[in-house]
Amino acid sequence: MSLGFRISGRIGKPVAEVFDAVVNPTKLSGYFTTIGGASAPLVAGTTVTWWKMVPVEVDEVTKDKRIVLRWDATDADGKPAYKTRIEMNFEPLEDGGTFVTIAEEGWREGEVGLKKSYLNCEGWSQMLACMKAYLEYGINLRDGYYRSELRGEPANETNI
């Protein structure tokens, strides 16, 4: 068995706008990958870089519906040991908003996997909240969110 989680929330914008806020590197960099940005749009079969240091493998992009990504999970020594899988689903709502669900799975059982899955759950929850504020109100919640980012460093488990 592997460890994983799922988070979700409503964003009061049409699905095409919410989806674009994830696949478009300029928009993603406006609320999530704010330090270092995103190197390219999310296109199936490519690898993009977030924060100038995190390779993200893009497995699937179904316009306005679904994005599937993979990225490195590290072992107890901090070395990439395997990949976790991220799935984002975008559901249009009758009121014109979008229900976004983000799930990540694939950590190995044990203390290290559990800790790292909790950290990523925090990160994706924060990303969804930041995306909502950015799209609905034009506010970048990520700016100064973590102490490390006040120093111009992307947040990670050792410096937040």
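Along each chain, numbering runs from 1 in the same order as the chain's sequence is written. Owing to the predicted nature of the model, reporting of local features is limited to residues with pLDDT of at least 70; listing and counting of side-chain atom pairs is limited to 80 or more, with chain, interface and lining totals taken over all residues. Computation of side-chain values: all heavy atoms of the structure, hydrogens and water removed.

Observations regarding the packing of aromatic side chains
Describing an aromatic ring pair means giving the distance of the ring centres and the angle of the ring planes.
Next, step 1: Here a Phe, Tyr or Trp ring, Trp counted by its six-membered ring, pairs with any other such ring whose centre lies within 6.5 Å, and the pair is stacked when the planes are under 30 degrees apart, edge-to-face when over 60, and tilted otherwise. Counted under the stated rule, the structure contains 10 aromatic pairs.
Next, step 2: With centroids separated by 5.3 Å and ring planes inclined at 35°, the aromatic side chains of Tyr31 and Tyr134 adopt a geometry described as tilted. A residue pair is termed long-range when its members are at least 10 positions apart, and Tyr31 in the loop between α2 (25–28) and β2 (47–50) and Tyr134 in helix α3 (residues 111–137) qualify at 103 residues.
Next, step 3: Exposure classes here rest on a 1.4 Å probe applied to the protein chains alone. A residue is buried below 20% of its type maximum, exposed above 50%, and partly exposed in between. On the basis of relative accessible area, Tyr31 is assigned to the buried category, the value being 0%.
Next, step 4: Between the aromatic rings of Trp50 and Trp71, the centroid separation amounts to 5.9 Å while the plane-to-plane angle is 85°, which identifies the pairing as edge-to-face. Here Trp50, found in strand β2, pairs with Trp71, found in strand β4 (residues 66–74); they are 21 residues apart in sequence, far enough to count as distant. In this text, helices come from DSSP runs of H or I with a minimum length of four residues, and strands from runs of E with a minimum of two, each type numbered from the N-terminal end.

Things to note about the pattern of salt bridges
Next, step 1: Salt bridge criterion: a side-chain nitrogen from Lys or Arg within 4 Å of a carboxyl oxygen from Asp or Glu. Going through the model one piece at a time under the given rule, you end up with 11 salt bridges.
Next, step 2: Across the salt bridge formed by Asp59 and Arg70, the nearest N and O atoms sit 2.6 Å from each other. Of the two residues, Asp59 is situated in strand β3 (residues 54–62) and Arg70 in strand β4; the sequence distance between them amounts to 11 residues.
Next, step 3: Notably, a salt bridge pairs Lys63 with Asp64, separated by 3.8 Å at the nearest N-O pair.
Next, step 4: Each of Glu57, Asp59, Arg70, Asp72 and Lys83 takes part in a single network of salt bridges with overlapping partners.

Details of unusual backbone geometry
Next, step 1: Unlike most non-glycine residues, Trp51 shows phi in positive territory, near 60°.
Next, step 2: Within the secondary structure, Trp51 is located in the loop between β2 and β3.
Next, step 3: Residues other than glycine seldom take positive phi values, yet Lys52 does so here, at roughly 60°.
Next, step 4: Along the chain, the position of Lys52 falls in the loop between β2 and β3.
Next, step 5: For Lys52, a relative accessible area of 70% puts it in the exposed group.

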